[in-house]
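Each chain, letter by letter, is given below.
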Amino acid sequence: MKTGPQPPLILFSGLAADASVFRPQKVAHPDLLVPKWPKPKPNETLDEYCDRIEVDLSSYHGGVVGGASFGGIIALHLANRLNAKAVILIGSVRSPEQLSRLARCARPLKPLIAWIPIRIAQWICRPFTMKLLQRWFPHTSAIAQQFCNADRVVFRWSLERILDWNLTPKLDCPVFQIHGDRDWVLPIRNTRPDQIVKGGGHVISLTHARDVNQFIDRVRRDFSQTPAAPS
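Since the structure is predicted, the reported quantities are computational estimates derived from the model, not experimental observations.

Caption draft 1: Expanded view of the overall build of the protein chain. Helices and strands together make up the secondary structure of the protein chain, namely 10 helices and five strands. Taking all 231 residues of the protein chain together, the buried fraction comes to 50%. Sequence-distant contacts in the protein chain: of pairs separated by 6 or more residues, those separated by 24 or more amount to 66%. Within the structure as shown, the protein chain displays about 12,300 Å² of accessible surface, and the carbon and sulfur contribution to it stands at 58%.

Dropping the structure here:
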């Protein structure tokens with residue numbers, strides 16, 4: 001059966017990272033939109049932030065929205081706002097209960113996030129983004145690359161929102177999840193993905209791009225518009 005055009009595709013990068021985390025997906029899906037993270041307002045809640053994003057994406061209603069890590073959480077909260085056909089989680093989770101034990105136990109420490117020296121931490125992690133270390137330590141290098149490219153203001157705000165995330169959105173569309181079995185940031189034992197990537201760490205969009213691209217292809221194909229039969 002022939003299908004019509006595929007629905008628009010929007011993916012949010014993880015924890016204030018830039019669009020480079022989806023570089024392989026952009027090659028496979030040239031129409032992919034990876035929005036830039038807007039600067040959060042002081043004390044802005046997750047839903048207030050998503051309200052602002054929805055205004056910027058008003059022309060993308062009825063598509064497929066997804067994200068990696070924290071970007072997947074944003075996608076969950078945007079799905080109904082954008083009348084999404086489906087949500088794709090790439091190394092992300094469906095609910096607060098699926099966060100790591102460390103994240104859940106660290107919630108009382110949220111006030112200390114303001115004191116984290118993010119600029120210094122990024123400088124320390126920079127050597128792990130070198131090409132030689134990318135070959136030896138692909139999972140660690142991918143996370144370091146994402147962290148070093150992160151906007152510090154957005155990163156700090158995103159950490160706070162992860163620690164106070166306590167509500168699972170009730171969605172009007174299905175959720176499809178792909179997850180690495182070696183993800184130590186969001187351990188696979190806490191969640192039940194539709195597809196498990198063997199040997200995959202937290203940033204599978206880079207380290208296992210083929211698996212992720214094929215997963216996205218299947219979801220988009222299932223929600224392509226079927227052309228009407230000639231009358």
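Caption draft 2: Region of interest: the environment of isoleucine 74. Turning to its location among the elements, isoleucine 74 is positioned in helix H3 (residues 70-78). Residue classification places isoleucine 74 among the buried positions, given a relative accessible area of 0%. Between the C-alpha atom of isoleucine 74 and that of glycine 14, which follows or precedes it by 60 residues, the distance is 9.5 Å. Contact partners of isoleucine 74, with chain neighbours within four places excluded, come to Phe12, Trp37, Leu46, Tyr49, Cys50 and Ile53.

Caption draft 3: A look at the nonpolar core. If you look at the biggest cluster of nonpolar residues, it comprises 35 residues, and the most contacted ones within it are Phe12, Val65, Phe70, Ile74 and Val87. For this core, the elements supplying multiple residues, two or more each, are strand E1 (9-12), helix H2 (46-56), H3, strand E3 (86-90) and helix H8 (152-163). The contact partners of valine 65, leaving out residues within four places of it in the chain, are Ile10, Phe12, Ala75, Ala79, Leu82, Ala84, Ala86, Val87 and Ile88. Core analysis: the next-biggest nonpolar cluster, separate from the first, contains 19 residues, Leu9, Ala68, Ile178 and Val212 among them.

Caption draft 4: Fine view of the pattern of salt bridges. In this structure the tally under the stated criterion is nine salt bridges. A salt bridge links aspartate 51 to arginine 81, with the shortest nitrogen-to-oxygen separation between them at 2.8 Å. Separated by 30 residues along the polypeptide, aspartate 51 in helix H2 and arginine 81 in the loop between H3 and E3 bring together distant segments of the chain. Judged by relative accessible area, which is 40%, aspartate 51 ranks as partly exposed. For arginine 81, a relative accessible area of 24% translates into the label partly exposed. Two residues, arginine 161 and aspartate 164, come together in a salt bridge whose shortest N-O distance is 2.7 Å. Taking relative accessible area as the criterion, aspartate 164 reaches 29% and is therefore assigned partly exposed. What you see here is one network of salt bridges that share partners, running through Lys110, Glu160, Arg161 and Asp164.

Caption draft 5: Structural detail: the packing of helix H5 (residues 118-125) against H8. For the pair H5 and H8, interaxial distance at closest approach is 10 Å and the crossing angle is 105 degrees. Looking at the two axes, H5 sits roughly perpendicular to H8. Across the interface between the two elements, Ile118, Arg119 and Gln122 of H5 pack against Arg152, Phe155 and Arg156 of H8. Of the residues assigned to the contact of H5 with H8, the class counts are two nonpolar, one polar and three charged.

Caption draft 6: Inspection of the confidence of the model for the protein chain at higher detail. Averaged over every residue, the pLDDT of the protein chain is 87; residues scoring 70 or more account for 89%. A low-confidence stretch, residues 226-231 stays under pLDDT 50, and its non-local contacts, those more than four residues away or across chains, total six contacts.

Caption draft 7: Just unusual backbone geometry, in detail. Of note in this structure, asparagine 43 is not a glycine but carries a positive phi near 60 degrees. On the accessibility criterion, asparagine 43 (79% relative accessible area) is exposed. Despite not being glycine, serine 69 has its phi angle at roughly 55 degrees, a positive value. Mapped onto the fold, serine 69 is located in the loop between strand E2 (64-68) and H3.

How each quantity is defined
Residues numbered from 1 in each chain as written. Predicted model: local features only at pLDDT ≥ 70, side-chain atom pairs only at ≥ 80, totals over all residues. Heavy atoms only, no water. Helix = DSSP H or I, 4+ residues; strand = E, 2+ residues; numbered from the N terminus. Buried < 20%, exposed > 50% of the residue type's maximum accessible area, 1.4 Å probe, protein only. Contact = heavy atoms within 4.5 Å. Areas by Shrake-Rupley, 256 points an atom, 1.4 Å probe, with all protein chains shown as cover. Core = buried A, V, L, I, M, F, W, Y, C linked by side-chain atoms within 4.5 Å. Salt bridge = Lys/Arg side-chain N within 4 Å of Asp/Glu carboxyl O. Axes fitted to C-alpha atoms, helices over the stretch in contact; angles between N-to-C directions. Parallel < 35°, antiparallel > 145°, perpendicular 65-115°, else oblique. Nonpolar A, V, L, I, M, F, W, Y, C, P; charged D, E, K, R; others polar. pLDDT = per-residue confidence, 0-100.

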